[in-house]
Every structure is written in C-alpha cells, then in structure tokens.
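These are the residues of each chain, in order.
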Amino acid sequence: MSTGTAVVARDVSITVAGRAIITGVSAELAPGRSLALVGASGAGKTTLLNALGLLQPVSGGSITVGDAPAHRWKDGQRRRFWRDHMAFIAQDYGLVEDETVAYNVALHALSVWRGAAPHRAGVRAALAAVGLEGREKDRVSTLSGGERQRVGIARAVFKRGDVILADEPTASLDEDNREAIAGLLFERVREGAALAIATHDLDLAARCDSVLELS
Ligand SMILES: Nc1ncnc2c1ncn2[C@@H]1O[C@H](COP(=O)(O)OP(=O)(O)OP(=O)(O)O)[C@@H](O)[C@H]1O
Ligand SMILES: [Mg+2]
C-alpha cells in the first residue's frame, strides 16, 4: 500500500471563455479521507474536480500535490501524476465506444504489443466488483447507461489510483448498484486513497468525511 497523496486547492478561481465559474474555492483531498462536492447543476462541481485532477487550468490560486505546485506543472509532470496516482471516473464515463469492456477497463495499462492479455485476472476482478462479471468481450456501444457507468468505475478499481476523482459515479445506477459502488469507493479510502465525489446524491455526500457546497 502506498503512503497516499494529498491534493489541495487553495483559493482557486477558474475562468472559462471570460466567465468566472469558480471564485476563491479551497478544497483538501487527504489520504484516507473523502470529500463530497455538492451544488446545483452548473455550480462548477465537474470544473473543480477537473482542476483537482490537473485536467483544468486554474486562473488564480494554487493546486498542490504533496508539497509541489502542481498548477505550474508541465505536461510531462502532469502525465506522471495521472499515470501513477489518479483514477478519474468521468461524468460521461469516458469510454471508447467501439472497443470491448476489457479494453476500456485496462486502457491505461495496455501495451501496443500485448493488448489486454497480461491484465486478464485484474480486469476480471474489477468487473466482478461492479457486478459485470463475464462481460469482458462485450462492446461498450451495446451496454446500457448504468452498465457503462460501472465500466468506468471498474477502470478506476482496476487502476487502484490513490487519488480518486469521481464525477457523479452513481447517477445512472439503481439502489443496489449505488450501494455497491459507494462501498467500493469507501473501501479504497479505508485503504488510504484520497477520494472526491461530485454528486447530487445527498445520502452519498453525507457519508463523506466532509462536504463542500458550490454555488
Ligand atoms: N469548457 C467550457 N466552456 C464554457 N463553459 C464551461 C466550460 N466548462 C464548464 N463551463 C460552464 O461552467 C459551469 C459549471 O459547469 P460544471 O460542469 O462544472 O457544473 P456541474 O456543477 O458539474 O453541473 P452538473 O451537476 O450539471 O454536472 C456551467 O455553467 C458550464 O456551462
Ligand atoms: Mg458535472
């Protein structure tokens, strides 16, 4: 188990196309802790989550990873952070539609030469964890919305990143699956991962160690 990675946003402002979307927001992701980002649609939850994941530049304030000023990192440093630490569960699932479930789960570990074969056991375990056992060979384009969402979560489970950024990870799921997915995410927190969840699900938010409301 790794010692964990902290990501801290201090007094962050984000302006996109001349519009201030986030102004002066601070948020702390600590190893073994969970943070919920809540607020109305359009409040900036996805934007802040992207900034915490170094996918969205900030126009003011800072993002630190450990002690490093990550908002100033160049592409190579950000790529290393993504590769070594981050598991990102995107609101739109971020899947390659024409590829198989197995390909999508192992995506970041795939090599040109050997494809998904070396990862078969890990992919199988990740799919079982989200209730999609045996679905490796299905094309993503044939899956339901909730099944797609669970493939996106299986990818994060497979990767075992210690910074987990989950954008409405339960939005398309029924109650049993919501509970199972929440269980998986909080299990990673108990193992030392830092978790941020953007969500409209106030029960899920209440289970996090802290809640940040955006307006
Ligand atoms: N690339 C962009 N260009 C222009 N506007 C953007 C861009 N990204 C985000 N915005 C705007 O920023 C605001 C916040 O968007 P964001 O997606 O962060 O909201 P959200 O809180 O995640 O909403 P939801 O609950 O609907 O997912 C919205 O008004 C959106 O239109
Ligand atoms: Mg959003």
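Analysis parameters
- Residues numbered from 1 in each chain as written.
- Chains lettered and ligands numbered in written order.
- Predicted model: local features only at pLDDT ≥ 70, side-chain atom pairs only at ≥ 80, totals over all residues.
- Heavy atoms only, no water.
- Pairing = 2+ DSSP bridges.
- Helix = DSSP H or I, 4+ residues; strand = E, 2+ residues; numbered from the N terminus.
- Contact = heavy atoms within 4.5 Å.
- Axes fitted to C-alpha atoms, helices over the stretch in contact; angles between N-to-C directions.
- Polar contact = N/O pair within 3.5 Å; in protein donor to acceptor, adjacent residues only side chain to side chain.
- Salt bridge = Lys/Arg side-chain N within 4 Å of Asp/Glu carboxyl O.
- Buried < 20%, exposed > 50% of the residue type's maximum accessible area, 1.4 Å probe, protein only.
- Donors = N, O, S within 2.8 Å, 3.2 Å for Na, K, Ca; no water.
- Parallel < 35°, antiparallel > 145°, perpendicular 65-115°, else oblique.
- Left-handed = near helix turned anticlockwise from the far one by under 90°.
- Nonpolar A, V, L, I, M, F, W, Y, C, P; charged D, E, K, R; others polar.

Pairing is antiparallel across the open sheet formed by 4 strands, whose spatial order is 2-1-4-5. Every interior strand has two partners, whereas the edge strands, strand 2 (19–29) and strand 5 (68–69), have only one. Bridge analysis of strand 1 (residues 7–16) against strand 2 gives 7 bridges, and the strand direction is antiparallel. Each residue of the ladder has a partner; that of V7, found in strand 2, is L29. Helix-sheet contacts for helix 1 (residues 45–52) involve strand 1, strand 2 and strand 4 (60–65), and the interaxial angle to strand 2 is about 55 degrees.

This part covers the side chain of R148. Relative to the helices and strands, R148 resides in helix 5 (residues 145–159). Only 3.2 Å separates the side chain of R148 from the backbone oxygen of S141, close enough to count as a polar contact.

Turning our attention to the pattern of salt bridges. Taken as a whole and assessed by the stated rule, the structure comprises 9 salt bridges. R135 serves as the salt-bridge partner of E147, at 3.3 Å between the closest nitrogen and oxygen. In this pair, E147 sits in helix 5 while R135 sits in the loop between helix 4 (120–129) and helix 5, placing the two residues 12 residues apart along the sequence. With relative accessibility at 16%, the residue E147 sits in the buried group. What emerges from the salt-bridge pattern is a single network uniting R135, D138 and E147.

Protein ligation of the magnesium ion (ligand 2) involves T46 (OG1) and Q91 (OE1), the donor distances falling in the range 2.0 to 2.3 Å. In this pair, T46 is assigned in helix 1 and Q91 in the loop between strand 6 (86–89) and helix 3 (101–106), connecting sequence segments 45 residues apart. Taking the relative accessible area as the measure of exposure, T46 reaches 28% and is therefore partly exposed. Using a relative accessible area of 40% as the deciding quantity, one classes Q91 as partly exposed.

Now for unusual backbone geometry. Despite not being glycine, D11 has its phi angle at roughly 50 degrees, a positive value. Relative to the helices and strands, D11 is located in strand 1. Despite not being glycine, A17 has its phi angle at roughly 50 degrees, a positive value. Relative to the assigned elements, A17 resides in the loop between strand 1 and strand 2.

Let us now look at the pairing of strand 4. Strand 4 sits mainly inside the fold: 5 of its 6 residues count as buried. Sheet topology places strand 1 next to strand 4; 5 bridges connect them, and they run antiparallel. Residue A9 lies in a different strand from strand 4, and its bridge partner there is I63.

Here we come to the sheet that holds strand 7 (residues 163–167). Pairing is parallel across the open sheet formed by 5 strands, whose spatial order is 6-7-8-3-9. Edge positions in the open sheet fall to strand 6 and strand 9 (210–213), since each of these has one partner strand only. Neighbouring strand axes in the sheet, compared pairwise and without regard to direction, differ in orientation by 15 degrees on average. Relative to strand 8 (residues 194–198), strand 7 runs parallel, the two sharing 5 bridges. Residue pairing for strand 8: L165 is matched across the bridge by A196. Strands strand 3 (34–38), strand 6, strand 7, strand 8 and strand 9 of the sheet are contacted by helix 1, whose axis makes an angle of about 160 degrees with strand 7.

Turning our attention to the packing of helix 4 against helix 5. Interhelical geometry of helix 4 versus helix 5 gives an angle of 130 degrees and a closest axis separation of 8 Å. Between helix 4 and helix 5, the interaxial angle falls into the category oblique. Of the two elements, helix 4 crosses helix 5, and the hand of that crossing is right-handed. Facing G122, V123, A126, L127 and A129 of helix 4, the residues of helix 5 in contact are A154, V157 and F158. Residues belonging to the contact of helix 4 with helix 5 are distributed by class as follows: 7 nonpolar, 1 polar and no charged.

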